[in-house]
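# A closer look at the structure
Here is what each chain is made of, one letter per residue.
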Amino acid sequence: MNPIPKGIIKLKQDKSEFTPLSVEEFLTRFGDIHESLKRAKIIAQEGSEPFIPTCGVFCQEKEVFMLFPSDLEEYIKIDHSVFSRSRGGLTELIARESGYLVQENGLVSIYNPCQMTEDKVHLFYLIIPVSDENQALNLKIDFLKQARQPSKDSGTRLFSQEKIEEKINSGDIHTVTLSIGIPPVYGEAGSLSIKVRPEKRVTEKSAGKGEEEKDVTSTDHYSFSTYKEVGQDTILAEVFRGSNGSSGLDAFGTEIIVPELKEIHFAVGKNVRQQEREDGITEFIAEITGILDLTETSVGVLEELDVKGDVSSETGSLYFSGNITVGGNIHSLFTVKSGGNLSIAGTVENGAVIECGENLNIQKGIIGEKTIIKVKGNMEADFIQDANLRVAGDLKIHGSIYSSKVFCGGNLQVAGKKVKGKLRGSILGSHVSCMNNMTIHSAGSQGSKTTLICGLDPELKNQLDEMEKSVPVINRKILTLQNRIGIDLTKKGIAEELKKLSHHRKAEIKKLLEEIKLYASHKAEVSKRMAALKDRSINPNLEDLCIQVGSHLVPETTVMIGEHKTRIENPSGGVTITLKNDALVFSGRKK
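Computed from a predicted model, the values in this text were never measured in an experiment.

## Here's the deal with the overall build of the chain
For the chain, the helix and strand inventory stands at six helices and 49 strands. Looking at the chain as a whole, 41% of its 591 residues are labelled buried. A separation threshold of at least 6 residues defines the contact pool for the chain, and within that pool the share at least 24 residues apart is 49%. In the structure as shown, the chain presents an accessible area of about 32,700 Å², 48% of it carried by carbon and sulfur atoms.

## Notes on the packing of helix H4 (residues 458-485) against helix H6 (residues 503-537)
When two helices pack together, their arrangement is captured by the angle between the axes and the distance separating the axes. Where H4 contacts H6, the two axes come as close as 9 Å, and the packing angle between them is 160°. Classified by the interaxial angle, the pair formed by H4 and H6 is roughly antiparallel. For the pair H4 and H6, the crossing hand works out as left-handed. Its residues assigned to classes, the contact of H4 with H6 comprises 17 nonpolar, six polar and ten charged.

## Concerning the side chain of Ser-404
With respect to the element layout, Ser-404 can be found in the loop between strand S38 (401-402) and strand S39 (405-408). Within the local environment of Ser-404, its side chain forms a polar contact with the backbone nitrogen of Asp-386, the two atoms lying 3.0 Å apart. Setting aside residues no more than four positions away along its own chain, Ser-404 makes contact with Ile-384, Gln-385, Asp-386, Ala-387, Gly-429, Ser-430 and His-431.

## A look at H6
Given a rise of 1.5 Å per residue, 35 residues ought to cover 51 Å, and the 51 Å separating the end C-alpha atoms of H6 matches this to within 8%. Residues Ile-509, Leu-512, Ile-516, Val-526, Met-530, Leu-533 and Ser-537 constitute the buried set of H6. Those residues of H6 hidden inside the fold are in contact with H4 and helix H5 (494-499).

## Examining the sheet that holds strand S30 (residues 335-338)
Strand order in the open sheet formed by ten strands is S28-S30-S32-S34-S36-S39-S42-S44-S46-S47, with mixed pairing between adjacent strands. Sheet topology places strand S28 (318-320) and strand S47 (564-567) at the edges, where each strand pairs with a single neighbour. The mean angle between the axes of side-by-side strands here comes to 5°, regardless of whether they run parallel or antiparallel. Note: strand S34 (residues 372-375) against strand S36 (residues 388-391), four bridges, orientation parallel. When the bridges of S36 are listed, Val-375 appears paired with Val-391.

## Regarding the confidence of the model for the chain
Any segment with low pLDDT has predicted coordinates that should not be analysed in fine detail. The predicted model of the chain has a mean per-residue pLDDT of 77, with 71% of residues at 70 or higher. Taken as a whole, residues 121-159 scores under 50 in pLDDT and shows 112 contacts with residues more than four places along the chain or in a different chain.

## Topic: the nonpolar core
Judged by nonpolar contacts, the single largest core of 59 residues is most densely connected at Leu-360 and Met-379. Apart from residues no more than four positions distant in its own chain, Leu-360 is found in contact with Leu-342, Ile-344, Ile-354, Ile-373, Val-375, Asn-378, Met-379 and Glu-380. Formed by 16 residues, the second largest nonpolar core is a distinct cluster that contains Ile-474, Ile-478, Leu-481 and Met-530.

## So, unusual backbone geometry
Phi angles above zero are rare outside glycine, and Leu-333 is one such case at about 75°. Relative to the elements of secondary structure, Leu-333 occurs in the loop between strand S29 (324-326) and S30. The phi dihedral of Glu-556 falls on the positive side, at around 80°, and the residue is not glycine. Here Glu-556 shows up in the loop between strand S45 (546-553) and strand S46 (557-561).

## Description of the pairing of strand S25 (residues 290-294)
Relative to S25, strand S18 (residues 229-230) is paired through two bridges, and the arrangement is antiparallel. Paired with Glu-229 across the strands is Ile-291, a residue of S25. Where S25 meets strand S26 (residues 298-302), four bridges bridge the pair, whose relative direction is antiparallel. Residue pairing for S26: Asp-293 is matched across the bridge by Gly-300. Hairpin connection from S25 to S26: three residues lie between these consecutive antiparallel strands.

## Remarks on the sheet that holds strand S19 (residues 235-240)
In space, the four strands of this open sheet follow the order S15-S19-S24-S23, with antiparallel pairing throughout. Since the sheet does not close on itself, it has two edges, and those belong to strand S15 (191-194) and strand S23 (272-276), each with one partner. The sheet shows a mean angle of 20° between the axes of neighbouring strands, taken without regard to direction. Here S23 pairs with strand S24 (residues 282-286) via five bridges, running antiparallel. Among the inter-strand pairings, Gln-274 is bridged to a residue of S24, identified as Phe-284.

## Quick notes on the environment of Pro-198
Along the polypeptide, Pro-198 turns up in the loop between S15 and strand S16 (203-206). As a C-alpha pair, Pro-198 and Val-230 span 32 residues in sequence and 9.9 Å in three-dimensional space. For Pro-198, the contacting residues outside a window of four places in its chain are Thr-226, Lys-228, Leu-292 and Leu-294.

Calculation rules
- Residues numbered from 1 in each chain as written.
- Predicted model: local features only at pLDDT ≥ 70, side-chain atom pairs only at ≥ 80, totals over all residues.
- Heavy atoms only, no water.
- Helix = DSSP H or I, 4+ residues; strand = E, 2+ residues; numbered from the N terminus.
- Buried < 20%, exposed > 50% of the residue type's maximum accessible area, 1.4 Å probe, protein only.
- Contact = heavy atoms within 4.5 Å.
- Areas by Shrake-Rupley, 256 points an atom, 1.4 Å probe, with all protein chains shown as cover.
- Axes fitted to C-alpha atoms, helices over the stretch in contact; angles between N-to-C directions.
- Parallel < 35°, antiparallel > 145°, perpendicular 65-115°, else oblique.
- Left-handed = near helix turned anticlockwise from the far one by under 90°.
- Nonpolar A, V, L, I, M, F, W, Y, C, P; charged D, E, K, R; others polar.
- Polar contact = N/O pair within 3.5 Å; in protein donor to acceptor, adjacent residues only side chain to side chain.
- Expected span 1.5 Å × (residues − 1).
- Pairing = 2+ DSSP bridges.
- pLDDT = per-residue confidence, 0-100.
- Core = buried A, V, L, I, M, F, W, Y, C linked by side-chain atoms within 4.5 Å.

Written out as structure tokens, the structure reads:
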């Protein structure tokens with residue numbers, strides 16, 4: 001290998017993390033620096049040994065810098081900065097990028113010494129000492145000074161000659177920063193994190209050849225709800241607003257433009273407060289328990305759930321601890337559960353489930369034998385047909401009750417505004433009961449079974465009757481166990497008698513006593529529940545109650561106050577039914 005000529009600058013071998021300049025940028029920004037180095041292209045003659053220079057050769061991008069016989073190719077190693085091409089028995093080595101030719105341990109590569117960051121320009125090289133120190137120093141300084149001077153008002157600065165000399169005299173230089181600009185300040189992008197979202201249907205895509213792609217719902221179609229209830233103090237969303245940066249200047253005074261970042265515009269809706277954290281995050285917190293009102297630009301909490309149309313597959317079922325208003329119908333098999341008042345403008349269809357924590361108002365009616373209604377407060381509706389209904393408070397029906405099972409814990413009123421004629425009542429083919437007074441337009445129909453009950457809850461009374469049946473069974477179990485003991489445990493001196501028994505007999509008696517204790521405990525619990533059911537199932541003031549029929553009672557209608565009942569044999573109208581001395585009394589009867 002030829003020796004390196006004195007005074008020649010050898011390029012640094014190791015690569016840098018910075019992005020290389022193109023040859024155009026290099027030539028434009030640094031003028032003729034490369035001309036101060038020896039530039040050469042080595043073309044080996046056919047049959048001669050290839051000579052690879054170690055320094056001073058500057059190659060342009062896509063330039064052929066070496067040519068040699070192809071049978072020598074196995075002796076030449078190249079890296080990713082060089083590619084080869086064979087033509088007519090000769091191999092060409094071509095630079096992939098502009099830079100200086102470097103050979104290290106037989107590996108040929110191209111290295112661009114001029115590399116940049118956004119605000120700094122660096123040259124990477126190694127100064128080779130020469131015998132004449134002054135000459136070497138001048139050479140180094142001249143080399144560095146050929147970099148173009150930035151304008152004084154550009155905001156950039158160039159190291160002074162004294163500073164350069166100081167750095168050079170300190171030893172071999174691997175990296176020299178020629179010019180420094182003003183680094184840009186990049187902003188931080190904003191972010192939005194939604195912590196609570198409405199439920200979404202889980203769907204899957206299915207399509208074969210010639211078929212249209214369609215969604216297939218894989219969750220329960222009827223339990224799904226598009227409305228989400230959130231509790232007070234729930235964190236609904238977290239927002240980092242973000243910040244814009246500022247532009248800078250590169251090493252040559254050119255402005256480095258920082259792109260503007262998208263700001264997060266997210267507003268506080270109703271019943272939501274903001275809370276700033278130390279890390280710059282803004283929390284959006286629910287101030288009340290309510291329905292989540294989430295849009296792309298805001299979040300709020302609604303005090304009431306207001307559905308403008310029907311409760312259907314579009315809305316899903318409704319579940320809310322507060323008040324609910326429905327502007328349409330409740331479709332079949334959907335559920336509405338309200339912890340507060342519930343108002344329905346339309347009809348409740350067959351198979352729907354309604355549970356109301358306070359008062360229920362249905363402007364139209366209830367239809368369907370599979371429909372279930374449970375109300376803890378009062379209820380008002382236009383009509384009931386083929387439904388199962390249980391109301392804890394008062395019940396008012398503007399029209400009629402057909403083929404239904406209805407109970408209310410307060411007063412019952414059926415106006416019968418749509419009933420005409422005397423052969424059909426406003427309550428027909430139904431089992432209707434209330435704990436207090438009953439005021440109805442009419443009741444019964446020929447060929448249908450209608451029952452009116454006042455002062456009694458039949459459902460609870462049936463439970464009470466079943467429990468009463470279980471008490472004798474428990475007593476018989478206890479008596480049987482006592483007989484198996486075979487000893488009167490209450491007689492005097494029983495303790496001494498028990499001591500004389502065998503260990504096996506004592507163990508048997510102990511086990512029987514434990515069983516008796518369990519049955520006695522069960523009996524006490526049943527008795528307690530029976531007492532509670534008795535208070536709830538029968539009104540203690542039966543003689544203060546009445547069933548008032550405004551128009552007519554059709555024969556075959558059964559009437560009860562408490563457990564006292566009668567079957568209407570003859571048509572009657574304008575009648576009030578009360579209980580006196582354990583007998584039903586009819587007053588104002590018209591035949």
